[in-house]
Amino acid sequence: MKKMITIAMFFVIAFNVHAQSHKTQNIIIVTLDGMRWQDVFRGADSALINSKFTNDKDEVKKKFWAPAAAERRKMLFPFLWSVVSEKGQVYGNRDLGNKDEVANQYRFSYPGYNEIFTGFPDVRMNTNDAIVNPNMNVLEFINKQKGYAGKVIAFSSWERFPQILNVNRSGLPVYSGYADLKNADANARLKFLNDLQKDVPRYLGDSTRSDFITYEFTKEYIKQYKPRVAYMAFDETDDMAHEGNYKAYLERARQEDGFIRTIWEMVQADPFYKDKTTLLITCDHGRGEMPLDSWRNHGADVKGAEQTWFAVIGPDTKALGEIKTPSSTYHKQLAQTIAQLLGLDFKANAGHEVGEAITTVFK
């Protein structure tokens with residue numbers, strides 16, 4: 001009994017020491033829906049480039065192909081494989097034995113985002129329908145903490161996030177799909193984006209807007225309102241994969257890498273954020289690999305759809321680069337990791353199961 005009490009006290013003291021010494025005051029979270037770890041770590045896939053899934057093969061090879069995987073992946077994700085890999089950490093290269101996975105059994109979007117933000121794979125979250133999530137999420141928790149109230153924001157291309165983040169209970173401002181920003185004092189650029197999104201081509205359907213608009217809203221909101229926590233959720237990589245358009249999938253991935261770079265450089269040039277902000281990038285699920293056609297899909301019956309990745313850079317994260325240690329991390333651990341980066345304890349306050357923080361993220 002004494003030994004157990006001693007161990008418990010050790011963990012309490014360790015957490016409190018981190019809470020007092022952390023430098024992260026702000027967090028930016030970005031998700032690329034359905035982005036495969038294979039493309040993140042290996043770069044463009046020659047089998048897919050030379051298949052029926054790629055039009056304009058010569059053009060794609062010119063943009064994305066090189067003999068070495070390290071060169072290919074940097075062509076696809078130049079920001080991730082320069083700035084983040086040099087000054088942060090990148091997890092999930094299964095070729096090196098470093099595994100990152102979703103813990104939920106369903107392996108598609110709503111269950112994946114529920115796991116990321118609530119910290120556990122709730123079996124009730126087993127649909128992409130507009131059901132309201134009963135679980136507290138880490139953004140909701142942060143928004144209730146001193147100094148963070150009204151300083152948490154989410155913009156997403158996919159229309160389902162108001163339910164995933166339960167806006168009616170959480171009170172979080174979540175602007176998804178074609179929702180207009182409602183702030184009366186919004187600057188002229190944000191008001192213009194409200195109008196612009198009504199007129200842009202709706203090639204993703206009537207409910208899901210283009211990632212460019214989501215990015216522009218996020219960028220301009222950060223400029224004007226200086227949120228402490230901002231979430232930006234892209235969707236087009238998943239849409240292009242489902243369509244079987246590998247060229248567009250690669251192009252959207254590289255464009256989103258550029259969006260992330262611009263926002264990171266913007267906040268690093270702002271004294272409010274500089275050296276006080278952590279950036280976390282991940283996805284909601286993986287995709288298939290073999291047979292080749294399975295790259296388009298994900299779900300419980302798709303082998304490999306549980307395989308994911310994440311990257312992190314910030315003042316509390318040691319510059320370890322690509323993590324080459326054989327180990328496993330799970331997306332159910334990200335919620336507590338996000339909270340702990342801010343010196344908060346979501347796990348102790350969520351009222352439900354929450355995965356442990358990923359300790360290697362912290363110095």
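Residues numbered from 1 in each chain as written. Predicted model: local features only at pLDDT ≥ 70, side-chain atom pairs only at ≥ 80, totals over all residues. Heavy atoms only, no water.

Visitor: What is the right way to read the nonpolar core from this model?
Guide: A general tendency of soluble globular proteins is for nonpolar side chains to be buried together. Grouped together as the largest cluster of nonpolar side chains are 59 residues, with contacts concentrated most on Val30, Met35, Phe77, Tyr246 and Leu279. Top contributing element to this core by residue count: helix α14 (residues 246-268), with eleven residues. Ignoring sequence-local partners within four residues, the contact set of Phe77 consists of Leu32, Met35, Asp39, Val40, Ala253 and Asp257. (Core = buried A, V, L, I, M, F, W, Y, C linked by side-chain atoms within 4.5 Å. Buried < 20%, exposed > 50% of the residue type's maximum accessible area, 1.4 Å probe, protein only. Helix = DSSP H or I, 4+ residues; strand = E, 2+ residues; numbered from the N terminus. Contact = heavy atoms within 4.5 Å.)

Visitor: I'm lost on the packing of aromatic side chains in this one. Help?
Guide: Describing an aromatic ring pair means giving the distance of the ring centres and the angle of the ring planes. Inspection of the entire model under this criterion finds 21 aromatic pairs. Between the NZ or CZ atom of Arg202 and the centre of the ring of Tyr178, over which it lies, the distance is 3.7 Å. Its guanidinium or amino end placed over the ring of Tyr148, Arg228 lies 4.2 Å from that ring's centre, counting from NZ or CZ. (Phe/Tyr/Trp six-rings, centres within 6.5 Å; stacked < 30°, edge-to-face > 60°. Lys NZ or Arg CZ within 6 Å of the ring centre and 35° of its normal.)

Visitor: Any chance you could explain the sheet that holds strand β11 (residues 327-330) here in plain terms?
Guide: Either a parallel or an antiparallel arrangement is found when strands of a sheet pair, and the pairing is made through backbone hydrogen bonds. With mixed pairing, three strands are arranged side by side in an open sheet as β8-β3-β11. Sheet topology places β8 (307-308) and β11 at the edges, where each strand pairs with a single neighbour. Note that strand β3 (residues 98-101) and β8 share two bridges and pair antiparallel. Bridging from a neighbouring strand, Asp100 pairs with Thr308 of β8. (Pairing = 2+ DSSP bridges.)

Visitor: Looking at this structure, I do not really get the pattern of salt bridges. What am I missing?
Guide: Tallied over the entire structure, the rule returns 25 salt bridges. Residue Lys63 pairs with Glu59 through a salt bridge whose shortest N-O separation is 3.1 Å. Of this pair, Lys63 and Glu59 are both found in helix α4 (residues 57-64), four residues apart, which corresponds to roughly one turn of the helix. Judged by its relative accessible area of 33%, Glu59 is partly exposed. In the salt-bridge network here, residues are joined through shared partners; they are Asp56, Glu59, Lys63, Lys247 and Glu251. (Salt bridge = Lys/Arg side-chain N within 4 Å of Asp/Glu carboxyl O.)

Visitor: Please clarify how the sheet that holds strand β6 (residues 229-234) should be interpreted in this entry.
Guide: Pairing is mixed in the open sheet, where eight strands are placed in the order β5-β4-β6-β1-β7-β9-β2-β10. A strand with exactly one partner marks an edge of an open sheet, and here the two such strands are β5 (174-176) and β10 (321-322). Pairing analysis gives two bridges linking strand β2 (residues 89-91) to β10, with the strands arranged parallel. Paired with Gln89 across the strands is Gly321, a residue of β10. Contacting β2, β9 (310-313) and β10, helix α6 (residues 80-87) crosses the sheet at an angle of about 65 degrees to β9. (Axes fitted to C-alpha atoms, helices over the stretch in contact; angles between N-to-C directions.)

Visitor: Teacher, can you tell me more about empty space enclosed by the protein here?
Guide: To locate leftover empty space, one rolls a probe as large as a water molecule over the atoms. Applying the stated rule across the entire model yields one cavity of 30 Å³ or more. Residues belonging to the lining of the largest cavity are distributed by class as follows: seven nonpolar, no polar and one charged. (1 Å grid on protein atoms, 1.4 Å probe; cavity = no way out; pocket = protein on both sides within 12 Å on 5 of 7 lines; lining within 4 Å. Points joined across faces, edges and corners; volume = space filled by probe spheres on them. Nonpolar A, V, L, I, M, F, W, Y, C, P; charged D, E, K, R; others polar.)

Visitor: What's the story with the layout of surface pockets in this structure? I'm lost.
Guide: Empty space within the second largest pocket amounts to approximately 200 Å³. Secondary-structure elements contributing two or more residues to the lining of the second largest pocket are α6 and α14. In terms of residue count, the dominant contributor to the lining of the second largest pocket is α14 (three residues).

Visitor: Teacher, can you tell me more about helix α15 (residues 334-341) here?
Guide: One full turn of an α-helix is made of 3.6 residues, so residues set three or four places apart face in the same direction. Judged by how many residues are buried, α15 sits mostly within the fold: eight of eight residues are covered. Immediately beyond the C-terminal end of α15, within one or two residues, lies Gly343, with a positive phi of roughly 80 degrees.

Visitor: What am I meant to see in the pairing of β9 here?
Guide: For a regular strand, side-chain orientation follows a simple rule: the groups alternate between the two sheet faces. Of the two faces of β9, the one lined by Phe310 and Val312 and the one lined by Ala311 and Ile313 are each fully buried. Examined bridge by bridge, β2 and β9 share three bridges and lie antiparallel to one another. Among the inter-strand pairings, Tyr91 is bridged to a residue of β9, identified as Phe310. Where strand β7 (residues 277-282) and β9 come together, four bridges link them in antiparallel fashion. For Leu280, the partnering residue across the bridge sits in β9 and is Val312.

Visitor: Help me understand unusual backbone geometry, please; the structure alone is not making it clear to me.
Guide: When glycine is set aside, most residues are seen to have a negative phi, and most peptide bonds are trans. Across the junction of Met290 and Pro291, the peptide omega takes the value -5 degrees, indicating a cis bond. Of note, Pro291 is situated in the loop between β7 and β8. Phi at Asn166 takes a positive value of approximately 45 degrees, unusual for a residue other than glycine. In this fold, Asn166 is placed in the loop between α9 (161-164) and α10 (167-170). Since its relative accessible area comes to 7%, Asn166 is described here as buried. Phi at Lys226 takes a positive value of approximately 50 degrees, unusual for a residue other than glycine. With respect to the helices and strands, Lys226 occurs in the loop between α12 (211-225) and β6. With a relative accessible area of 22%, Lys226 lands in the partly exposed category.

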